[in-house]
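Next come the chains, spelled out residue by residue.
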Amino acid sequence: MQRSWPGHTASGYSWLLPAMTERTDMDPTPTSADTGVAFGAPGISPTWCSSDKDYVTTALNGSRLWATVGHGIINEIYWPSTGQPQIRDLGFYLIGAGKWIDLKRERRYRVATPEPYLPALTITHYGADYELTVEVLPDPLRDVLLLRYRIVGPYRVAAILAPHLGSTGRGNSAWVDDGVGFARHRGHALCLAADQPLAQLSCGYVGASDGWQDLYRHGRLTWRFDRAENGTVAISAELAGTSGVLAVGFDGTPIGAFTRTRTALAADFDALRSQFLAEWEQWGSRLRLPRPDAPLGDLALLSAAMLKIHEDRSYPGAVVASLSVPWGNSTDSLGGYHLVWPRDGTLTAFALLAANQFDDVRNILAHLIASQRRDGHWPQNYFPRGEPYWIGVQLDESAFPVLLAAKLAELGEKDLPGTAQMVRAAVEFIARTGPTSPQDRWEENAGVSPFTLAVAIAALVAAAPWLAADERDYALSLADDWNERLESWCYVRDTALAREQGVEGYYVRIASPDATGHIDGRVQLRNRAGETISAATLVSLDFSYLVRLGLRSARDPRVQDTIRVVDRMLKVETPSGPVYHRYNDDGYGEYPDGRAFDGNGVGRAWPLLCGERGHLALQSGEDPIEYLETMRNCSSPGGLLPEQVWDTAPIAAMELSPGRPSGSAMPLLWAHAEFLKLLVARDIGRPVELLQAVQRRYHDVSAPRPAAAHHWRNEVPLVSLPRERDLLIEDRTPFSLHFGFDSWQHIQDRAARPQPFGLWAVRLTAAELAQASELNFTRCYPGGWENVDHCVELGQSELTHALLPAG
């Protein structure tokens with residue numbers, strides 16, 4: 001149904017472009033007066049859920065509670081932060097005459113919301129002789145989840161709650177006190193209560209004396225254990241009557257959890273629901289999103305809501321990657337994906353910017369400013385409070401926040417306090433660390449990646465307004481150098497694979513060029529039990545950001561050749577449409593028999609990569625609508641986009657169907673953000689992340705801007721230097737350069753001079769190098785000579801030596 005809502009303006013994307021042509025299929029947010037929405041992918045029954053998430057919900061006021069729904073029951077409840085799941089699940093059961101029904105296993109249900117962007121969930125389970133409706137409502141005022149139920153049919157409703165307080169199932173204790181269930185683990189406590197007395201209330205140990213074991217053995221709840229100490233525990237109860245309200249509340253103490261829970265139950269449910277919806281309506285009234293058709297428009301609204309839902313309340317702007325744990329039934333990880341990845345957070349901010357949610361974008365940037373490390377980088381990921389979890393370093397994660405700050409400035413937004421300091425510190429880290437990165441964006445390998453390099457180059461250019469004159473000149477010189485040389489690090493030609501694919505060459509996923517400039521050696525496949533692959537045969541969509549950020553043209557023959565290689569090697573056809581693997585021989589995914597990833601496995605297809613491929617199509621002059629439709633088709637019945645979809649023959653026993661969500665993380669914010677960005681990019685004709693400053697500097701993407709100087713570093717030694725270029729021989733510590741020309745003639749010594757960002761360098765000017773054909777040098781440090789002789793051929797382009805694999 002085509003809607004017309006108040007607030008629609010012809011200049012719907014004026015915050016992204018100077019001017020636009022109006023599209024009739026672009027609508028702002030609906031109101032709750034519109035008809036409700038029940039989600040289900042095309043051709044997929046809404047009762048079938050191949051992963052464990054249907055939806056995620058939270059309130060927008062004082063509550064610090066998030067709930068996920070999967071298989072028609074409550075999965076995790078997170079409290080008091082998005083980084084802290086406190087239960088494994090809360091399931092519903094029906095008890096009748098001589099039988100009982102585990103509704104999670106029945107899979108006959110639907111999930112509906114008033115509108116895609118209003119996460120007030122109604123779960124309806126149905127069978128031949130029953131219908132159970134559960135309204136899921138995070139209390140907007142308290143840390144309590146309210147569940148209003150109504151059963152029609154000859155059954156009583158039971159609930160079983162599995163506490164995982166402190167983000168672990170171990171060491172929990174549960175007990176019953178005066179008709180109320182409690183659980184505690186260290187500084188976390190919960191209370192389970194209802195607006196009517198709970199019957200058959202019991203606490204037990206999972207797998208031995210829990211409520212499910214009781215139902216399995218007796219067909220009804222019979223046990224009345226009043227305590228289960230220091231273990232993996234569960235609380236079970238039978239709910240009174242055919243309708244009522246069940247509540248789970250949280251606090252640091254049992255009495256506090258009880259007070260919150262009883263207060264919520266004493267409040268009017270409908271009034272709380274109205275407040276919940278009003279707050280979401282207020283947020284949603286600012287949304288402006290395209291609506292090419294109803295399914296894509298609905299997914300856009302839902303995707304925007306998903307991004308907002310994943311923001312922490314205690315730490316505004318901290319956006320976790322997913323309120324889920326990949327293959328969560330096989331792990332008790334403290335981390336999962338409910339952590340902040342600076343890359344995912346920044347890409348989420350760009351998507352929210354495209355949706356006109358500027359307040360949220362500013363909050364994300366403020367949080368990034370606060371969580372930056374002293375040396376200018378961000379941890380690989382961290383809890384919302386800022387505490388690192390994994391401590392790897394990814395150079396793109398130090399560059400993305402600079403792009404976000406630059407985009408806001410480009411749109412006329414006032415700098416947040418601390419922006420200049422953040423940008424300068426980030427650029428210093430990039431300049432000192434790059435162009436290699438200790439980890440690529442897939443968190444697996446060190447080296448030079450076209451994705452990481454594209455983001456870093458764009459950040460060096462975008463940072464210019466915040467830098468002092470000497471710093472700006474250095475950053476731009478470094479950007480020009482890396483941009484001109486990136487093919488010598490990340491592109492190969494005339495390989496066996498190129499000949500097999502019928503192309504001249506292609507960009508590789510990652511490489512560590514050797515001293516001769518060749519892309520040589522092997523890359524370890526981190527999730528394949530130590531297997532390795534030739535760097536020259538490892539391909540991915542990582543090159544797409546060279547085009548996305550304005551460094552290369554989509555019509556560049558090298559780009560078009562790489563697209564052909566990627567389409568042939570990484571694309572897999574599914575009933576949902578063509579989806580892409582991260583790279584060839586990836587191991588991050590389920591085994592062929594469907595077993596969960598356990599450190600090894602087989603990489604599956606990623607819907608978010610359809611978004612990256614769609615951006616390439618858009619920038620090549622094509623309509624990317626088919627990529628948006630494929631992403632939508634990959635979504636869960638509730639509209640959530642997964643990290644991965646199953647991509648081979650179905651395995652019914654493992655609930656794995658091709659083109660449908662696997663056991664990986666869901667929802668994945670990166671995927672929802674990529675969907676939104678592509679949807680908006682299709683409307684405005686350019687990527688959301690593309691910056692005018694980068695476009696101006698590299699406006700002729702048919703040929704890289706010639707660098708005035710090349711920067712020689714140990715990680716990316718220069719094989720040859722074209723004429724009329726200066727050469728900076730750099731390091732991070734002081735040194736003296738001992739050098740000569742043409743087999744060590746005319747020997748000289750020169751002390752390195754301090755450069756911006758704590759670097760040291762000797763500059764050899766183009767005039768000094770003009771008469772020689774070869775530069776020879778070595779270095780002496782305070783601790784002694786490096787004992788290595790280096791050679792740079794003068795007067796030739798480095799590309800004449802590179803682009804080929806060794807041998």
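Thresholds applied
Residues numbered from 1 in each chain as written. Predicted model: local features only at pLDDT ≥ 70, side-chain atom pairs only at ≥ 80, totals over all residues. Heavy atoms only, no water. Helix = DSSP H or I, 4+ residues; strand = E, 2+ residues; numbered from the N terminus. Rg over C-alpha atoms; globule rule 2.2 N^0.38 Å. Buried < 20%, exposed > 50% of the residue type's maximum accessible area, 1.4 Å probe, protein only. Areas by Shrake-Rupley, 256 points an atom, 1.4 Å probe, with all protein chains shown as cover. Lys, Arg positive; Asp, Glu negative; His and termini not counted. Charge placed at Lys NZ, Arg CZ, Asp CG, Glu CD. Core = buried A, V, L, I, M, F, W, Y, C linked by side-chain atoms within 4.5 Å. Salt bridge = Lys/Arg side-chain N within 4 Å of Asp/Glu carboxyl O. Axes fitted to C-alpha atoms, helices over the stretch in contact; angles between N-to-C directions. Parallel < 35°, antiparallel > 145°, perpendicular 65-115°, else oblique. Left-handed = near helix turned anticlockwise from the far one by under 90°. Contact = heavy atoms within 4.5 Å. Nonpolar A, V, L, I, M, F, W, Y, C, P; charged D, E, K, R; others polar. Polar contact = N/O pair within 3.5 Å; in protein donor to acceptor, adjacent residues only side chain to side chain. Pairing = 2+ DSSP bridges.

A. Focus on the overall build of the protein. Assigned secondary structure in the protein consists of 19 helices and 36 strands. Relative to the 2.2 N^0.38 estimate, which gives 28 Å for 807 residues, the radius of gyration of the protein is 29 Å and therefore close to what a compact globule would have. If you line up the protein on its principal axes, its C-alpha atoms span 100 × 60 × 55 Å. Relative to its 807 residues, the protein shows a buried fraction of 64%. Just so you have it, the protein exposes about 27,200 Å², and 50% of that area is on carbon and sulfur atoms. In the protein, the 75 positive side-chain charges and the 96 negative ones have mean positions that sit 3 Å from each other.

B. Quick look at the nonpolar core. Among the nonpolar cores identified, the biggest contains 230 residues, and Ile 74, Leu 146 and Leu 403 are the most heavily contacted of them. Here this core takes 11 residues from helix H10 (residues 450-462), the largest share from any one element. If you look at the next biggest cluster of nonpolar residues, it comprises 19 residues, including Leu 721, Phe 735, Phe 741 and Val 762.

C. Expanded view of unusual backbone geometry. With omega at -10 degrees, the peptide bond leading from Trp 79 into Pro 80 counts as cis. Across the junction of Gly 434 and Pro 435, the peptide omega takes the value 0 degrees, indicating a cis bond. Looking at the secondary structure, you find Pro 435 in the loop between helix H9 (419-433) and H10. Although it is not a glycine, Asn 230 adopts a positive phi angle of roughly 50 degrees. Along the polypeptide, Asn 230 turns up in strand S17 (residues 227-231). Residue classification places Asn 230 among the exposed residues on the basis of a relative accessible area of 60%. The phi dihedral of Ala 529 is positive, around 55 degrees, even though this residue is not glycine. Secondary-structure assignment places Ala 529 in the loop between strand S23 (522-524) and strand S24 (532-534).

D. Just the pattern of salt bridges, in detail. The final tally for this structure, using the stated rule, is 53 salt bridges. A salt bridge links Glu 715 to Arg 732, with the shortest nitrogen-to-oxygen separation between them at 3.3 Å. Of this pair, Glu 715 sits in the loop between strand S27 (709-712) and strand S28 (720-721) while Arg 732 is found in the loop between strand S29 (726-731) and strand S30 (736-741), placing the two residues 17 residues apart along the sequence. Among the charged side chains, a network of salt bridges with common partners joins Asp 440, Glu 444, Arg 509, Arg 582 and Asp 586.

E. Seen up close, the packing of helix H5 (residues 294-309) against helix H16 (residues 625-633). Look at H5 against H16: their axes get within 10 Å of each other, and the N-to-C directions meet at 65 degrees. Classified by the interaxial angle, the pair formed by H5 and H16 is roughly perpendicular. Handedness of the crossing formed by H5 with H16: left-handed. Residues Pro 295, Leu 296 and Leu 299 of H5 form the contact with H16, whose own contacting residues are Ile 625, Leu 628, Glu 629 and Arg 632. Class assignment of the residues belonging to the contact of H5 with H16 gives a composition of 5 nonpolar, no polar and 2 charged.

F. Highlighting the side chain of Glu 689. Along the chain, Glu 689 turns up in the loop between helix H17 (669-684) and helix H18 (692-697). Classification of Glu 689 as buried rests on a relative accessible area of 1%. In terms of polar contacts, Glu 689 uses its side chain to reach the side chain of Lys 677, at 2.6 Å. In contact with Glu 689, other than residues within four places in its own chain, are Leu 347, Phe 350, Tyr 545, Arg 548, Leu 549 and Lys 677.

G. Molecular detail of the side chain of Lys 407. Residue placement: Lys 407 occurs in helix H8 (residues 395-410). The class for Lys 407 is buried, based on a relative accessible area of 2%. Setting aside residues no more than four positions away along its own chain, Lys 407 makes contact with Phe 350, Leu 353, Val 688, Leu 690 and Leu 691.

H. Seen up close, the pairing of strand S14 (residues 180-185). Counted residue by residue, S14 has 5 buried out of 6 residues, so it is predominantly covered. Direction of pairing for strand S13 (residues 172-177) relative to S14: antiparallel, over a ladder of 5 bridges. Pairing of Asp 177 across the sheet is with Val 180, part of S14. Between S13 and the antiparallel strand that follows it, S14, lie 2 residues; Asp 178 among them carries a positive phi value of about 55 degrees. Pairing of S14 with strand S15 (residues 188-194) involves 5 bridges; the strand directions are antiparallel. Bridge pairing in S15 places Gly 181 opposite Leu 192. Hairpin geometry of S14 and S15 is characterised by an intervening segment of 2 residues between the two adjacent antiparallel strands and by a positive phi of about 50 degrees at Arg 186.

I. A look at the environment of Gln 200. The residue Gln 200 is located in strand S16 (residues 199-205) in this model. By relative accessible area, which is 21% here, Gln 200 ends up partly exposed. Each C-alpha atom of the pair Gln 200 and Leu 299 lies 42 Å from the other, and the pair is 99 residues apart in sequence. Apart from residues lying up to four places away in sequence, Gln 200 is in contact with Leu 221, Thr 222, Trp 223, Arg 224, Ser 236, Ala 237 and Glu 238. Side-chain polar atoms of Gln 200 contact the backbone oxygen of Leu 221, separated by 3.2 Å.

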